[in-house]
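Listed below are the residues making up each chain.
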Amino acid sequence: MTIRQESLKKAHLSLFVSAYGHHVAAWRHPSVPSDAGHDVSHLRRVAQVAEAAKFDAVFFADVAAFNLPRESTEAAVYGARSGQFEPVTLLAALSAVTDRLGLICTASTTYSEPYQVARQFASLDHLSTGRAGWNLVTSANPNEAMNFGRSEHLEHGKRYDRAEEFIDVVMGLWDSWEDDAFIRDKATGQQFDPTKLHVLDHIGPEFRVRGPLNIARPPQGYPVRVQAGSSSRGQELAARTADLVFTVQQTVEGASAFYRELKARLPRYGRASTDLLIMPGLCPVVGRTQAEADAKMSMLQDLVHPKAGMALLSSLLGGFDLSHCGLDEPLPDVPLSNGSTSRQKLVVETARQEGLSLRQTYVRLAGTRGHLQVVGTPSQVVDLVE
């Protein structure tokens, strides 16, 4: 049964996997393999444990760049994510050691081509027998631009213009073949029924793509589409095209408001409320007792190197340079980011409302990157989710 068919039947849990741990200092914990990002056996175990625990999916975020600041390489030295697998390739490997687990990863509409993405996720869907999911991002990291022939990151609005056309092209390519187009008749020598082939011939402002896709229609028809944009443009794109939205929410009130706003956009695209799932992020630190959970969290926080903390904070602020600031100074005025505007807003509001210094801000965000944190026993985590 595909992710899509399952989607209306029950509540859902997806495991957001960072090979080294979501906490910026988790890789320094004694129990974490120091080379986790390049250890496929470690990642196989993670996926198999998630499947055994009845998670619906694993999710791998991705950035097509090494986070090397233009000002200095010093901060990058202490980064936790200096090397990891390209995620579609990784999920193809994980598909061979799992049977039911959904396999979701990121591909950028700003720094990819539609034919490439359509083919990759169609292939992953076939390899996994209908378990692929594409996390569509417009890329928040300006370092990616310099790896794809650009000196500057594309402006936020233009990234969404490109994304709107990009996803339409990908969907059109997934429609290249009808489900039963490939007859593969050995007696006649006929591979496919030409009446069931559809050539896209797309010509638009951003893309010229003839098609057809050179792989059969994905088992799901359309692999599951995931998005995380919370800006107005991001919500509008999700309302039109997404199956699942992953969101940062700190309170029930804020989450409810986001839910209402996003669901209200669906009817204009002929979609029902049940056509789109919304999954807020939660960062649990779990112990058999509260004291054990607190000790685990305290150890992680003590392992945060100041340079790694400041690099994380700079990234969440859209690449804003904090190298001239003291750790115990308040957050300075930050110009509007050309990266993730919603995440930048959350960080600034958190620091201002709680009167946090830069050190206190990065410690606050070290494990969560803005998501809701819970430290406690399994029953406490479940109570919070409920």
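What counts and how
- Residues numbered from 1 in each chain as written.
- Predicted model: local features only at pLDDT ≥ 70, side-chain atom pairs only at ≥ 80, totals over all residues.
- Heavy atoms only, no water.
- Helix = DSSP H or I, 4+ residues; strand = E, 2+ residues; numbered from the N terminus.
- Rg over C-alpha atoms; globule rule 2.2 N^0.38 Å.
- Buried < 20%, exposed > 50% of the residue type's maximum accessible area, 1.4 Å probe, protein only.
- Contact = heavy atoms within 4.5 Å.
- Areas by Shrake-Rupley, 256 points an atom, 1.4 Å probe, with all protein chains shown as cover.
- Lys, Arg positive; Asp, Glu negative; His and termini not counted.
- Charge placed at Lys NZ, Arg CZ, Asp CG, Glu CD.
- Salt bridge = Lys/Arg side-chain N within 4 Å of Asp/Glu carboxyl O.
- Polar contact = N/O pair within 3.5 Å; in protein donor to acceptor, adjacent residues only side chain to side chain.
- Pairing = 2+ DSSP bridges.
- Axes fitted to C-alpha atoms, helices over the stretch in contact; angles between N-to-C directions.
- Phe/Tyr/Trp six-rings, centres within 6.5 Å; stacked < 30°, edge-to-face > 60°.
- Lys NZ or Arg CZ within 6 Å of the ring centre and 35° of its normal.
- pLDDT = per-residue confidence, 0-100.
- Expected span 1.5 Å × (residues − 1).

Further remarks concern the overall build of the chain. Helices and strands together make up the secondary structure of the chain, namely 13 helices and 13 strands. Computed over C-alpha atoms, the radius of gyration of the chain comes to 22 Å, within 12% of the 21 Å expected from 2.2 N^0.38 for 386 residues, which places it in the range of a compact globule. Referenced to the eigenvectors of the C-alpha coordinate spread, the extents of the chain come out at roughly 75 × 45 × 40 Å. Split into buried and exposed, the 386 residues of the chain put 44% on the buried side. Restricting to contacts in the chain with at least 6 residues of sequence separation, those with at least 24 account for 73%. Counting only carbon and sulfur atoms, one obtains 55% of the accessible surface of the chain, whose full area is about 18,900 Å². Across the chain, the mean location of the 39 positive side-chain charges is 2 Å away from that of the 43 negative side-chain charges.

For the coordinates displayed, the defined rule picks out 15 salt bridges. A salt bridge links Arg240 to Asp168; the shortest N-O distance between them is 2.9 Å. Within this pair, whereas Arg240 is found in helix H7 (residues 232-241), its partner Asp168 is found in helix H6 (residues 156-174), the two being separated by 72 residues in sequence. Among the ionic pairs, Arg268 bridges to Glu236, the shortest N-O distance being 2.9 Å. Placement of Arg268 in the loop between helix H8 (252-264) and strand E11 (277-280) and of Glu236 in helix H7 is noted, with a sequence separation of 32 residues between them. Residue classification places Arg268 among the exposed residues on the basis of a relative accessible area of 55%. Looking at Glu236, the relative accessible area reads 14%, which means it is buried. Connected via shared salt-bridge partners are Glu236, Glu261, Arg265 and Arg268.

Okay, the side chain of Thr377 next. By secondary structure assignment, the location of Thr377 is in the loop between strand E13 (372-376) and helix H13 (378-385). At 3.2 Å, the side chain of Thr377 forms a polar contact with the side chain of Ser379. Setting aside residues no more than four positions away along its own chain, Thr377 makes contact with Val286, Gly287, Arg288, Thr289 and Gln290.

Okay, the sheet that holds strand E2 (residues 57-60) next. In spatial order, the strands read E1-E2-E3-E4-E9-E10-E11; together these seven strands make up an open sheet with parallel pairing. With partners counted over all chains shown, the strands left at the sheet margins are strand E1 (14-16) and E11, one partner each. This sheet shows a mean twist of 25° between the axes of neighbouring strands, independent of strand direction. With three bridges joining them, E1 and E2 adopt parallel strand pairing.

So, on to unusual backbone geometry. Cis geometry is found at the peptide bond from Gly211 to Pro212, where omega equals -5°. With respect to the element layout, Pro212 can be found in the loop between strand E8 (208-209) and strand E9 (224-227). Despite not being glycine, Thr129 has its phi angle at roughly 55°, a positive value. Checked against the element boundaries, Thr129 lands in the loop between helix H5 (114-127) and strand E4 (132-137). A relative accessible area of 63% places Thr129 in the exposed class.

Per the counting criterion, the structure on display carries 11 aromatic pairs. A centroid spacing of 5.3 Å and a plane angle of 25° characterise the contact between Tyr111 and Phe148, whose relative ring orientation is stacked. Here the residue Tyr111 occupies a position in the loop between strand E3 (102-108) and H5, and Phe148 occupies one in the loop between E4 and H6, the gap between them amounting to 37 residues. The class of Tyr111 is buried, set by a relative accessible area of 7%. Between Trp134 and Phe166, the aromatic rings sit 6.0 Å apart at their centres with planes inclined by 45°, giving tilted as the arrangement. Taken as a pair, Trp134 in strand E4 and Phe166 in helix H6 lie far apart in primary sequence, 32 residues in all. Of the two residues, Trp134 and Phe166, both sit in the buried class. These aromatic residues form a ring-pair network of at least three members: Phe121, Trp134, Phe166, Trp174 and Phe207. Over the face of the ring belonging to Tyr222 we find Arg217, whose NZ or CZ atom lies 5.0 Å from the ring centre.

Let us now look at the confidence of the model for the chain. Averaged over every residue, the pLDDT of the chain is 89; residues scoring 70 or more account for 93%. Within the model, pLDDT remains below 50 along residues 1-5, and this stretch shows 17 contacts once partners closer than five positions in the same chain are excluded.

A few words now on helix H2 (residues 40-52). Over its 13 residues, H2 runs 18 Å from end to end, which matches the ideal 18 Å to within 8%, given 1.5 Å per residue. When we look at burial in H2, the residues that qualify are His42, Leu43, Ala47, Ala50 and Glu51. Next to the buried residues of H2 lie E1, E2 and helix H4 (87-95). At the exit of H2 stands Lys54, carrying a positive phi of roughly 70°.

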